[in-house]
Amino acid sequence: MLILGIESSCDDAAAAVIETTAPGIAEVRSSTVANQDDIHRAYGGIVPELASRNHVVTIAPVVERALEAAGRKLDDLDGIAVTRGPGLVGSLLVGLMFAKGLAQARGLAMVGVNHIEGHLLAPLLENRIAMPYLALVVSGGHTALFAVEDFGRYRRIGRTRDDAAGEAFDKVAKLMGLGYPGGRVIDELSRRGNRKRVKIPRAQVKGAPMDFSFSGVKTAVATILAERNGDSEPLTPEDLAASFQEAVVEMLIKPTIAAARELGADTIALTGGVAANSRLRDRLAEAAAADGRRLVAPALKYCTDNAAMIALAGSYRLLRGERDALSIDAEANLAL
Ligand code: KG4
Ligand code: ZN
């Protein structure tokens, strides 16, 4: 089955073509993304109105590019999978309406996909993983642990009580004047920094060992920056970034290992934009191995928002012959 995936839930408009033979088994024929970082950078964060307006301009060319790169035509497609939530409603609507139009015009089956389900299944794009596996989803909007029990059967077993980890990276980068989005910049600076230069308290949620809390680290960095003037030894951005990143990484690892033990999961899958973080990948791989488990982290292009994961998440339903009505709506808070 040849499936077109469409994703526009936030600030990236993406399209992909995958070929699938069985649930979770797919070859990615193409995966294209129109990134809007340059547009939102001036505002230090995503401006929803600008995101959706730009999707309107880029969605058709992005889909065309995906088909072209795959060497396929619209007539070759067997189905469409499109993100219908959660996300920014104006952004979601652009991709969903485009998918509906295409499905209607070409008589194609269309399914609406939950964006988080896409992240959860993304590790399957390049790996065979036996279920159940544990997935740590870390992005700008989400930080949670899920048991992936089967296609369509996911159980959340841990979550952040406040900020998402990516949000903490972005907010701290903003405080440090590093621009937007901040995760990648902090990752790069940290390679040259001393991770033990400043003490950042590691927060744990009392009585909930599989939950996370990141609002405290952000405040800790703000306090350090405010008090820095009296410091005799200058604090370099590299050292502060490395110290902060180490705290976040450790605060992600502890609940993840606790959850893997609770589940008895052999495999931990790391997914979401923050999964691009080099230190997190290294440390979590080490911690998993030390605990007798395996870490599977997708290639960076499948960690951040992309349409290949959406196509994959829609594919098992399309393979079963399911299709959604063209009346389905975008849902900003769509539950998994
Ligand atoms: O999954 P994603 O592309 O979008 C959603 O939030 O759904 O994730 C974006 C987030 C941003 O917060 C960004 O700062 C963070 O991922 N990020 C990183 C890195 N690359 C991207 N955070 C830490 N280290 C990185 N290398
Ligand atoms: Zn995402």
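## So, the packing of helix H8 (residues 237–263) against helix H9 (residues 278–290)
- Where H8 contacts H9, the axes come no closer than 10 Å and their chain directions differ by 35°. Crossing geometry of H8 relative to H9 is assigned as right-handed. Here Gln245, Glu246, Val249, Glu250, Leu252, Ile253, Thr256 and Ile257 of H8 lie close against H9, whose contacting residues are Arg279, Leu280, Arg283, Leu284, Ala287 and Ala288.
- Of the residues assigned to the contact of H8 with H9, the class counts are eight nonpolar, two polar and four charged.

## Quick look at the pattern of salt bridges
- Following the criterion strictly, the structure yields 24 salt bridges and no others.
- One salt bridge connects arginine 153 with glutamate 149, and the closest N-O pair in it is separated by 3.5 Å.
- On the basis of relative accessibility, which here comes to 48%, the residue arginine 153 falls in the partly exposed class.
- Linking arginine 320 and glutamate 322 is a salt bridge whose minimum nitrogen-to-oxygen distance equals 3.2 Å.
- For arginine 320, a relative accessible area of 54% gives the class exposed.
- For glutamate 322, a relative accessible area of 31% corresponds to the partly exposed category.
- Three or more residues joined by partner-sharing salt bridges are found here, namely Arg195, Arg202, Glu246, Glu250, Arg279 and Arg283.

## As for unusual backbone geometry
- Look at the link from glycine 85 to proline 86: it is a cis peptide, with omega at -10°.
- Mapped onto the secondary structure, proline 86 falls in the loop between strand E4 (79–85) and helix H3 (89–106).
- Of note, the bond from methionine 131 into proline 132 is cis; its omega dihedral lies within 30 degrees of zero at 5°.

## Things to note about the site of ligand 1
- Contacts to ligand 1 come from 18 residues, most closely from Gly140, Asp170, Asp187, Gly273 and Asn277.
- One of the side-chain N or O atoms of serine 139 is found 3.5 Å from an oxygen atom in ligand 1.
- Contacts to ligand 1 include glycine 183, whose backbone N or O atom sits 3.1 Å from an oxygen atom.
- A majority-of-atoms criterion places ligand 1 in the largest pocket.
- Within the residue set of the shell around ligand 1, elements represented by two or more residues are helix H4 (115–121), helix H5 (165–175) and helix H6 (183–190).
- Of the residues assigned to the shell around ligand 1, the class counts are three nonpolar, eleven polar and four charged.

## Quick word on the coordination of the zinc ion (ligand 2)
- Protein-derived ligands of the zinc ion (ligand 2) are His115 (NE2), His119 (NE2) and Asp305 (OD), with the metal-ligand distances lying across 2.1 to 2.2 Å.
- Around the zinc ion (ligand 2) sit four donor atoms, and with donor-metal-donor angles ranging over 91 to 147° the site reads as irregular.
- Here the donor residues for the zinc ion (ligand 2) map to a single chain with the spacing H-x3-H-x185-D. Here histidine 115, found in helix H4, pairs with aspartate 305, found in the loop between helix H10 (300–303) and helix H11 (308–319); they are 190 residues apart in sequence, far enough to count as distant.
- Among the residues examined, histidine 115 registers a relative accessible area of 5% and is labelled buried.

## Details of the sheet that holds strand E5 (residues 109–114)
- With respect to topology, five strands assemble into an open sheet ordered E3-E2-E1-E4-E5, the strand pairing being mixed. Only two strands of the sheet have a single partner each, and these edge strands are strand E3 (25–34) and E5. With strand direction ignored, the average angle separating the axes of adjacent strands in the sheet is 25°.
- Set on the sheet, H11 makes contact with strand E1 (2–7), strand E2 (13–22), E3, E4 and E5; between it and E2 the angle comes to about 40°.

## Examining the pairing of E5
- Of all six residues that make up E5, six are buried, and the element is covered over most of its length.
- Side-chain alternation along E5 places Ala109, Val111 and Val113 on one buried face and Met110, Gly112 and Asn114 on a second face that is also buried.
- Relative to E5, E4 is paired through six bridges, and the arrangement is parallel. Each bridged residue has a counterpart across the sheet, and for glycine 85 the counterpart in E5 is asparagine 114.

## Some thoughts on the sheet that holds strand E8 (residues 153–159)
- Spatial strand order, E8-E7-E6-E9-E10: five strands in an open sheet with mixed pairing. The open sheet has two edge strands with one neighbour each: E8 and strand E10 (294–296). Neighbour-to-neighbour, the strand axes of the sheet open up by a mean angle of 25°, direction not taken into account.
- Along the sheet face, H8 touches strand E6 (133–138), strand E7 (143–150), E8 and strand E9 (267–271) and points at about 160° away from the line of E6.

Calculation notes
- Residues numbered from 1 in each chain as written.
- Chains lettered and ligands numbered in written order.
- Predicted model: local features only at pLDDT ≥ 70, side-chain atom pairs only at ≥ 80, totals over all residues.
- Heavy atoms only, no water.
- Axes fitted to C-alpha atoms, helices over the stretch in contact; angles between N-to-C directions.
- Helix = DSSP H or I, 4+ residues; strand = E, 2+ residues; numbered from the N terminus.
- Left-handed = near helix turned anticlockwise from the far one by under 90°.
- Contact = heavy atoms within 4.5 Å.
- Nonpolar A, V, L, I, M, F, W, Y, C, P; charged D, E, K, R; others polar.
- Salt bridge = Lys/Arg side-chain N within 4 Å of Asp/Glu carboxyl O.
- Buried < 20%, exposed > 50% of the residue type's maximum accessible area, 1.4 Å probe, protein only.
- Near = heavy atom within 4 Å.
- Polar contact = N/O pair within 3.5 Å; in protein donor to acceptor, adjacent residues only side chain to side chain.
- 1 Å grid on protein atoms, 1.4 Å probe; cavity = no way out; pocket = protein on both sides within 12 Å on 5 of 7 lines; lining within 4 Å.
- Sits in = over half its atoms within 2 Å of the grid points.
- Donors = N, O, S within 2.8 Å, 3.2 Å for Na, K, Ca; no water.
- Tetrahedral: all angles 85-135°; square planar, octahedral: opposite > 155°, others 65-115°.
- Pairing = 2+ DSSP bridges.

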